[in-house]
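Spelled out, the chains give:
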Amino acid sequence: MRNLIRIAAAAAMLATGSMGVQAPAEAHVSTGVAVASGLLGLGVGAAIASDHRRDDDYAPPPPPPPPVPVAYYAPPPPPPSYSYDYVQHCRVFDSWNPYEGHYVRTRRCY
């Protein structure tokens with residue numbers, strides 16, 4: 001890690017030193033310094049990105065969450081108890097149907 005910081009500091013010093021050498025008001029300044037600074041920055045960025053070392057204080061990932069509990073469905077309620085008042089009283093009898101011309105079985109509930 002210290003070596004990486006030293007490289008980055010050296011690159012920053014070179015970049016600032018090269019910027020101070022060129023005169024900003026001159027229109028015919030070559031772009032070689034700018035290209036060199038860009039390539040140097042690209043190299044430093046690639047060196048930082050390719051560092052695969054892990055720090056000593058690297059924490060392992062947290063454990064996975066607990067499994068989702070299986071849904072519990074309560075049993076259906078028992079059927080209502082019927083008393084004599086709620087029972088439907090029906091009577092079946094034969095009645096004359098004049099449109100059909102014969103007796104028809106009819107069911108009446110009350």
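Structure's up top.
Presented here is a report on the structure given in the accompanying data block. All values derive from a computational prediction rather than experimental measurement.

Some details on the overall build of the chain
Looking only at helices and strands, the chain features two helices and two strands. Mapped from its N terminus to its C terminus, the chain presents α and β elements in the order α-α-β-β. In the chain, buried positions account for 4% of the 110 residues. Residue pairs at least 24 apart in sequence account for 15% of intrachain contacts in the chain once pairs closer than 6 positions are excluded. When the accessible surface of the chain is split by element, carbon and sulfur atoms take 64% of a total near 10600 Å².

Some details on the state of the cysteines
For the structure on display, the rule yields one disulfide. The disulfide bridge from cysteine 90 ends at cysteine 109, spanning 2.0 Å between sulfur atoms. Because the sign of the S-S torsion sets the handedness, a value of about 105° for the bond joining cysteine 90 and cysteine 109 places this disulfide among the right-handed ones. In this pair, cysteine 90 is assigned in strand 1 (residues 90-97) and cysteine 109 in strand 2 (residues 102-109), connecting sequence segments 19 residues apart.

Some remarks on the environment of alanine 8
Relative to the helices and strands, alanine 8 resides in helix 1 (residues 2-21). For the pair alanine 8 and isoleucine 48, spaced 40 residues apart in sequence, the C-alpha separation works out to 8.7 Å.

Remarks on the environment of tryptophan 96
Among the structural elements, tryptophan 96 can be located in strand 1. When the C-alpha atoms of tryptophan 96 and threonine 106 are compared, they prove to be 9.6 Å apart, with ten residues separating the residues in sequence. The contacts of tryptophan 96, once residues within four sequence positions are left out, are Gly101, His102 and Tyr103.

Notes on the pairing of strand 2
Within strand 2, only zero of the eight residues are buried, which leaves it mostly out in the open. Looking at chain direction, strand 1 and strand 2 are connected through eight bridges and run antiparallel. Pairing of valine 92 across the sheet is with arginine 107, part of strand 2. Where strand 1 folds back on strand 2, the antiparallel hairpin that results is connected by four residues, among which glycine 101 adopts a positive phi of roughly 85°.

Digging into the pattern of salt bridges
Scanning the model with the defined rule gives one salt bridge in all. Salt-bridge contacts for arginine 105 lead to aspartate 94; the nearest nitrogen and oxygen are separated by 3.5 Å. Of this pair, arginine 105 sits in strand 2 while aspartate 94 sits in strand 1, and the two are eleven residues apart along the sequence.

Examining a nonpolar patch on the surface
Taken together, the side chains of Val35, Leu39 and Leu42 define a hydrophobic patch exposed on the protein surface, amounting to about 310 Å² of accessible area. Note on placement: leucine 39 falls in helix 2 (residues 32-49). Given a relative accessible area of 54%, leucine 39 falls into the exposed group.

So, how was this worked out
Counting starts from 1 at the beginning of each chain's written sequence and moves along it residue by residue. Given that this is a predicted model, residues contribute local features only at a pLDDT of at least 70 and side-chain atom pairs are listed and counted only at 80 or more, while totals for whole chains, interfaces and linings are drawn from all residues. Values shown for side chains rest on all heavy atoms present in the structure; no hydrogens or waters enter the calculation. Here a helix means four or more residues in a row that DSSP labels H or I, a strand means two or more in a row labelled E, and each is numbered from the N terminus. The classification of residues rests on relative accessible area computed with a 1.4 Å probe and restricted to protein chains. Under 20% of the type maximum is buried, over 50% is exposed, and intermediate values are partly exposed. In this description, contact between two residues means that some pair of their heavy atoms is separated by no more than 4.5 Å. Where accessible areas are quoted, they stem from the Shrake-Rupley method and a 1.4 Å probe; at the residue level, only the protein chains shown are allowed to cover. A pair of cysteine sulfur atoms is labelled a disulfide when the two atoms are within 2.5 Å. The rule for pairing is simple: two strands pair if DSSP sees at least two bridges between them. We define a salt bridge as a side-chain nitrogen of Lys or Arg found within 4 Å of a carboxyl oxygen belonging to Asp or Glu. Residues enter patches when they are more than 30% accessible in relative terms and free of salt bridges; like-charged ones are connected within 9 Å and nonpolar ones (Val, Leu, Ile, Met, Phe, Trp, Tyr) within 5 Å.

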